[in-house]
Amino acid sequence: NFAGEHGDWQHAEDLWERLVYGFKVAPNALAYGARAKSHMLAGRPAHVARIFEDMLSSGLDPDAHVSESQCQARLIMYHSSLEQGDLNRLNVVFGRADKIKGKSSTWQNNTRDRMKDVASRLQRSPKTVSFGDVLVEWKAQRSIMSKWLDGSAGTNYLAHKQG
């Protein structure tokens, strides 16, 4: 989790490779969440989304923490592209989050509701939603993305920011 806390996604990936593929440790939702956290803090939301898709394909269900991060990653991706496919994927993760609403904290439910509000505003009037408005979840707010000065809706800024 040290790598995740410091946005050191390369170190987090090295650890993941060693543990999961080298030592054959079966990761749980917490492990996937820690891995994704390093990517979120490093400004790599598309990688966060892929990590959680891998988690789902492994048969694990998202918990409240995973769900919150998944929604945040997909919201940033939709803001960047404004493509229907990204909106559809965002709505899928919102649907998953709604299913575990009773297992989520009040804080997590409020965060998800704020993200839904931003997504709704993006659909109605994208140019009025700044990049800062999209950084709702605490990891996104503490990430390198909080220092990005540009990032207008629909400009595909993630294509230029992520490695």
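Here is a short report on the structure shown in this document. (Residues numbered from 1 in each chain as written. Predicted model: local features only at pLDDT ≥ 70, side-chain atom pairs only at ≥ 80, totals over all residues. Heavy atoms only, no water.)

1. Re the nonpolar core
In a soluble, globular protein the nonpolar side chains are often hidden away together inside.
Now for step 1: In terms of nonpolar packing, the biggest core is built from 39 residues, with Met40, Leu75, Ile76, Leu90, Phe131 and Met145 touching the most fellow members.
Now for step 2: Elements supplying a minimum of two residues to this core: α2 (9-22), α3 (29-41), α4 (45-57), α5 (64-81), α6 (84-99), α7 (106-124) and α8 (131-134).
Now for step 3: If you tally residues by element for this core, the top one is α5, at 7 residues.
Now for step 4: Each residue touching Phe131, except ones within four places of it in the same chain, is listed here: Ile76, His79, Met145, Trp148, Asp150, Gly151 and Tyr157. (Core = buried A, V, L, I, M, F, W, Y, C linked by side-chain atoms within 4.5 Å. Buried < 20%, exposed > 50% of the residue type's maximum accessible area, 1.4 Å probe, protein only. Helix = DSSP H or I, 4+ residues; strand = E, 2+ residues; numbered from the N terminus. Contact = heavy atoms within 4.5 Å.)

2. Regarding the packing of α5 against α6
Now for step 1: Across the interface, α5 lies against α6 with an axial gap of 9 Å and an inter-helix angle of 160°. When the axis of α5 is compared with that of α6, the two are roughly antiparallel. For the crossing formed where α5 meets α6, the hand is left-handed. Together, Ser67, Gln70, Cys71, Arg74, Leu75, Met77, Tyr78 and Ser81 of α5 and Asp86, Leu87, Arg89, Leu90, Val93, Phe94, Arg96 and Ala97 of α6 make up the contact between the two elements. (Axes fitted to C-alpha atoms, helices over the stretch in contact; angles between N-to-C directions. Parallel < 35°, antiparallel > 145°, perpendicular 65-115°, else oblique. Left-handed = near helix turned anticlockwise from the far one by under 90°.)

3. Comments concerning the pattern of salt bridges
Now for step 1: Counted according to the given criterion, the structure contains 9 salt bridges.
Now for step 2: Linking Arg112 and Asp98 is a salt bridge whose minimum nitrogen-to-oxygen distance equals 3.2 Å. Pair noted here: Arg112 is in helix α7 and Asp98 is in helix α6, with a separation of 14 residues, a long-range link.
Now for step 3: On the basis of relative accessibility, which here comes to 4%, the residue Arg112 falls in the buried class.
Now for step 4: Residue class for Asp98 comes out partly exposed when judged on its relative accessible area of 33%.
Now for step 5: Notably, a salt bridge pairs Arg112 with Asp113, separated by 3.4 Å at the nearest N-O pair.
Now for step 6: Overlapping salt bridges, with partners in common, bring together Asp98, Arg112, Asp113 and Lys116 in one network. (Salt bridge = Lys/Arg side-chain N within 4 Å of Asp/Glu carboxyl O.)

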